[in-house]
Amino acid sequence: MSVFSAPAWDGHELVVFGSDAGTGLRAIIAVHNSSLGPGVGGCRMFPYASDEDALHDVLRLSRGMTYKSALAGLPMGGGKSVIIGDPRRDKTPALMRAMGDFVHAQGGRYVAAEDSGTGVEDLRRMATRTPHVSGIDDNEHGGDPSPSTAYGVFLGIRAAVQHRLGAATTAGLRVAVQGLGHVGYHLARHLREDGAVVYGADVNEANLARAVEALGVLPVAPAEILGLEVDVLAPCAMGAVLNDRSIDTLRAGIVAGAANNQLATVEDCARLQGHGILYCPDFLINAGGIIDVHYQRAGLPAAAKRAHIERISATLAEVLRRADASGQPSNAVAEALAVEYLRGAAPARETTTPLSQAALAATIR
Ligand code: NAD
């Protein structure tokens, strides 16, 4: 298996492979860029079909975290870890403690958080071996970052609606939410409270029923949600839903959702643009969760966290403005802005990173 010439390789600072014979742990930690702080990102457990697939995922995801944290104005770099295995079958307390040892061995260059296949209990087990774990404190933030992610996505939708339609709220607009899980449910709640008509689909019937009953979401079959004629489509289930096949069938004016890596390829953003669809980069508008993780980790107040999440609107408005002015796809513009932040060159950073030195030190500890 090649690392330095892997398709998702992007000059990552650190890629380490770890194993533990006693517990069966096989894992990879990647730190993409640490110019703004330690590489913070989720620890994903998934039954990857091959080591190459696991490497591809960790390289791609850690790079995405660099851009996400930079654009969110956080003193954090991009990191991610993957454990190769089925979380329902292979996960044991001993395996998670061994993962804690593996994280600890990186000396704080990587800080682990929850991701798919791991939960707060797993992180707590890791934390018995290392302090480089976040999102486990029993404080006012409540642990689960999903409501913060949903709030940021909701504000992103509003900013996009303002940009495209000149409307201050989503009242009366039609929004389709794909996936009504942790983030999708709270997003649907914000939209309903704002007066939007919300259509929702979920392959999990219990999750769909909860949103229909509690929020008045209008149910749609999973196979139909992407092609619905709506003002906004919010993918909140899985990645790569925007691809050369699906884009031709979309009938939404705006795509803005929580799912990571919604674009199957970089070309798909230009493809959306070609169809006149406004795309809000996922790593920009779904940053509420990582902002939450930062505030939990640094022990900062929830009110300040909310204000920080609210800056997503201004950053998105700036990206959409630049995209209009340059004709470039919004994704490329957002990445370029993140690189400016990484280099400390963007003047906007002054307004997006008003963190005290104490908070900064707490995060980097
Ligand atoms: P989740 O697993 O709680 O919810 C996902 C929902 O999508 C589930 O209810 C699932 O049944 C449904 N789903 C799966 N396939 C579907 C399909 N084909 N059609 C319709 N529904 C389908 O996950 P989540 O925490 O809500 O995260 C949603 C997405 O947002 C993921 O891509 C995640 O990586 C991303 N994200 C989450 C956070 C967070 O704070 N949780 C932060 C950033 C990004």
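Residues numbered from 1 in each chain as written. Predicted model: local features only at pLDDT ≥ 70, side-chain atom pairs only at ≥ 80, totals over all residues. Heavy atoms only, no water.

Caption draft 1: Looking closely at the pairing of strand β4 (residues 77-84). When you tally the buried positions in β4, you get 8 out of 8 residues, the bulk of the element. Of the two faces of β4, the one holding G77, G79, S81 and I83 and the one holding G78, K80, V82 and I84 are both buried throughout. Bridge analysis of strand β2 (residues 25-33) against β4 gives 6 bridges, and the strand direction is antiparallel. In the strand pairing of β4, N33 is matched with G78. With 6 bridges joining them, strand β3 (residues 39-46) and β4 adopt parallel strand pairing. In the sheet register, R44 faces β4, and the bridge partner there is V82. Handedness of the crossover is the feature at issue here: the chain leaves β3, passes through helix α1 (residues 51-71), returns alongside β4, and the resulting connection is right-handed. (Buried < 20%, exposed > 50% of the residue type's maximum accessible area, 1.4 Å probe, protein only. Helix = DSSP H or I, 4+ residues; strand = E, 2+ residues; numbered from the N terminus. Pairing = 2+ DSSP bridges. Right-handed = clockwise from strand over helix to strand, strands pointing away.)

Caption draft 2: Region of the structure containing the side chain of S246. Mapped onto the secondary structure, S246 falls in the loop between β9 (229-235) and β10 (251-255). Given a relative accessible area of 10%, S246 falls into the buried group. The residues touching S246, leaving out its near neighbours within four places in the chain, are L226 and V241. (Contact = heavy atoms within 4.5 Å.)

Caption draft 3: Just the pairing of strand β6 (residues 174-178), in detail. Burial analysis of β6 places 4 of its 5 residues in the buried class, the great majority of the element. Pairing of β6 with strand β7 (residues 197-201), which is carried by 5 bridges, proceeds in the parallel orientation. Bridged to V177 within β7 is G200. Tracing the backbone out of β6, into helix α5 (residues 182-193) and back to the parallel element β7 gives a crossover that is right-handed.

Caption draft 4: Quick peek at the side chain of T130. The topology assignment puts T130 in the loop between α3 (120-127) and α4 (146-165). Separated by 3.0 Å, the side chains of T130 and H104 make a polar contact. Each residue touching T130, except ones within four places of it in the same chain, is listed here: G100, V103 and H104. (Polar contact = N/O pair within 3.5 Å; in protein donor to acceptor, adjacent residues only side chain to side chain.)

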